[in-house]
Amino acid sequence: MGEQKKGNAAEQDLNQILKNRREKLKNLQDAGRDPFQITKYEVTRHSTEIKEHYDDLEGTEVSVAGRMMFKRVMGKASFCNVQDQQGSIQVYVARDNIGEEPYKDFKKYDIGDIIGVRGEVFKTKTGEISIHAVELTLLSKSLQVLPEKFHGLTNTDLRYRQRYVDLIMNPESKETFIKRSQIIREIRRFLDDRGFMEVETPMLVSNAGGAAARPFDTHYNALDEDVKLRISLELYLKRLIVGGLERVYEIGRVFRNEGVDTRHNPEFTLMELYQAYTDYEGMMELTESLFRYLAETVCGSTTITYGGVEIDLGKPFERLTMIDAIKKYAGVDFDAAETLEEARKLAKEHHIEYEDRHTKGEIINLFFEEFCEKELIQPTFIMDHPLDISPLTKKKPSDPEKVERFELFINTWEMCNAYSELNDPIDQRERFAAQDAAFEAGNEEANHTDEDFLNALEIGMPPTGGIGYGIDRLVMLLTDSAAIRDVLLFPTMKSLEK
């Protein structure tokens, strides 16, 4: 009963606080001083900028604006803290400097209010760089109460649902998203310097191909046609290679109708790039150079730390074929297993569950996922996948059961997927037919025949290297973030109404 009474009292206190804030707003509006009528405020400096350039700015007048996060009233003089995008800065507010009536108004301000401050840059007796206010302006009235602490496991769900509060209360969260923006900016700079052209391709498609995933279905009313949200960027970008744009890339949202966990969100950011006249070896060089460049420019070092583990992006990345990785970590040689029956026998011996529809190549992939992925902490290129799990990839001339493909693994995660792209339209049609059959057999993630794409290949596509990167996972790695939701501003959440 005692706890219930405390809870009720806290709720009543909160209701009274919210009521008081609305009354303060009404009083301002009745007095003709509605803060919501203010349309702009001239900001000349930001908090961190003032602190970093104090020697140049001491004694000069500045204007800052932001959210008041702290206030201490002490008679005729008070202090408050204003938080802007860069950080926060202390403001000294004296009645004799701003005037008696404005000082009375200031004392009524609430934590969370957005204010403008004009004043002189100085240092307090304790050495804190501050602003000596000569004018305060209430720019927006906060009608809600900010939490005192907005972190910890108990509030994780609320942080994701109310990211705006998380950004206010958690500087490290804001820093993650600032770094995310920097990562994408540096990716663009790296690719632009290599002569790549950024393009945009459709999100609503009649045939969602280019990856093994279930699409979201929707209906286009104007055309009375069912369409899908894209699961990949691949097939349209390859059409542009056919059209003579030799180096193209796109950074865009894709949508996959599958589960949510620490590394998966149904809508996420993918980057794909395609380069004519190169192969998967060229894509390996580009990828290794890109990851090293991002570590240096964004993190300041080619050695990064994730979850307390050092990851070295500076030395040459290890290269292993998928078959050799399974040999190394499971002690099984699939080159010696020539038939599907032999592959099934190995799966049973090693307690790998498979379905009747699974091919030999799919069983090899199941082995890799079970025994190898968890071992791949340092950057490792896994190469030369089985043909039947790579429907858009060129066969290896020396071994037609394998393809020229690689995935980069870091911290046990797949970071990207790359091919020497299949440009033989006859071979591609046969593989699409195999994918159609797999779909009919129950594989909802199989590709479907795309006639227009086949027509493009018949027009002629040059030898091409292509690759896809999960941008969110890359941001997780470079910001030491534990979950994909920590690097998505507004992750997918189950509705609270259900």
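The numbers attached to residues start from 1 for each chain and follow its sequence in the written order. Only residues with pLDDT of 70 or above have their local features reported here, since the model is predicted, and side-chain atom pairs are shown and tallied only from 80 upward, although totals for entire chains, interfaces and linings are computed over all residues. Where side-chain values are given, they derive from all heavy atoms of the structure, hydrogens and water being excluded.

**Quick notes on the overall build of the protein chain**
For clarity, the cut-off: Secondary structure elements are taken from DSSP: a helix is a run of H or I of four residues or more, a strand is a run of E of two residues or more, and numbering for both begins at the N terminus. For the exposure calls, accessible area comes from a 1.4 Å probe over protein chains only, and a residue counts as buried if that area is under 20% of its type's maximum, exposed if over 50%, partly exposed in between. Residues are treated as being in contact if the distance between any of their heavy atoms lies within 4.5 Å. Using the Shrake-Rupley algorithm and a 1.4 Å probe, accessible areas are obtained, with residue cover drawn only from the displayed protein chains.
When its secondary structure is counted, the protein chain shows 16 helices and 20 strands. Structurally, the protein chain occupies a C-alpha span of about 90 × 60 × 50 Å along its principal axes. Burial analysis of the protein chain (498 residues in total) assigns 47% to the buried set. Intrachain contacts of the protein chain at a sequence separation of at least 6 include 64% that bridge at least 24 residues. A total of about 25,400 Å² of accessible surface is found on the protein chain, and carbon and sulfur atoms cover 48% of it.

**Some details on the nonpolar core**
Spelled out, the test is: Side-chain atoms within 4.5 Å are what join buried Ala, Val, Leu, Ile, Met, Phe, Trp, Tyr and Cys residues into a set we call a nonpolar core.
Counting residues in hydrophobic clusters, the biggest one holds 44 residues, and the most contacted among them are Ile187, Leu191, Met271, Leu273, Phe406 and Tyr469. Counting residues per element, this core draws most heavily on helix 10 (residues 280–299), at nine residues. Here Tyr469 is in contact with Thr269, Leu270, Met271, Leu273, Leu286, Thr287, Leu290, Phe291, Met415 and Cys416, once residues within four sequence places are set aside. Of all hydrophobic cores here, the second largest spans 24 residues; its members include Ile50, Val82, Val121 and Leu138.

**Here's the deal with the packing of helix 11 (residues 322–330) against helix 13 (residues 360–371)**
Note the threshold: Note on definitions: angles span 0 to 180 degrees between N-to-C directions of axes, and those axes are lines fitted to C-alpha atoms, for helices only across the stretch in contact. Any angle that is under 35 degrees is reported as roughly parallel, and any over 145 degrees as roughly antiparallel; angles of 65 to 115 degrees are reported as roughly perpendicular and all others as oblique. For any helix crossing, the convention is left-handed if the near helix is rotated counterclockwise from the far helix by under a right angle, and right-handed if that rotation is clockwise. Amino acid classes used here: Ala, Val, Leu, Ile, Met, Phe, Trp, Tyr, Cys and Pro are nonpolar; Asp, Glu, Lys and Arg are charged; the rest, including Gly, are polar.
Taken N-terminus to C-terminus, the directions of helix 11 and helix 13 make an angle of 45°; their axes are 10 Å apart at the nearest point. With respect to helix 13, the axis of helix 11 lies oblique. For the element pair helix 11 and helix 13, the recorded crossing hand is left-handed. Here helix 11 contributes Met322, Ile323, Ala325, Ile326, Tyr329 and Ala330 to the contact with helix 13, which in turn contributes Ile364, Asn365, Phe367, Phe368 and Phe371. A per-class count over the contact of helix 11 with helix 13 returns ten nonpolar, one polar and no charged.

**A short note on the packing of aromatic side chains**
For clarity, the cut-off: In this analysis, rings of Phe, Tyr and Trp, with Trp reduced to its six-membered ring, are considered paired at centre separations within 6.5 Å, and the interplanar angle assigns stacked below 30 degrees, edge-to-face beyond 60, and tilted for intermediate values. Over a ring means this: the NZ of a Lys or the CZ of an Arg is within 6 Å of the ring centre and within 35 degrees of the ring normal.
With the rule as written, the count across this model stands at 13 aromatic pairs. Taking the centre distance of 5.0 Å and the plane angle of 75° together, the rings of Phe381 and Phe406 count as edge-to-face. Placement of the pair is Phe381 in strand 15 (residues 380–383) and Phe406 in strand 18 (residues 405–410), with a sequence separation of 25 residues. Here Phe406 falls in the buried class, since its relative accessible area comes to 0%. Geometry around Phe106 places Lys71 over its ring, the cationic atom sitting 5.6 Å from the centre. Above the plane of the ring of Tyr236 lies Arg239, whose end atom (NZ or CZ) is 4.6 Å from the centre.

**As for the packing of helix 14 (residues 425–440) against helix 15 (residues 451–459)**
Where helix 14 meets helix 15, the closest approach of the two axes is 9 Å, and the angle between their N-to-C directions is 160°. One finds that helix 14 runs roughly antiparallel with respect to helix 15. Like other packed secondary-structure pairs, helix 14 and helix 15 cross with a definite hand, here right-handed. Taken together, the residues of helix 15 that come into contact with helix 14 (itself represented by Pro425, Gln428, Arg429 and Phe432) are Glu451, Phe453, Leu454, Leu457 and Glu458. Per-class residue counts for the contact of helix 14 with helix 15 are five nonpolar, one polar and three charged.

**Regarding unusual backbone geometry**
A positive phi is found at Thr412, a non-glycine position, where the angle reads about 75°. Structurally, Thr412 is set in the loop between strand 18 and strand 19 (413–420). Even without glycine at this site, Asp480 takes up a positive phi of about 55°. Mapping Asp480 onto the fold places it in the segment after helix 16 (471–479).

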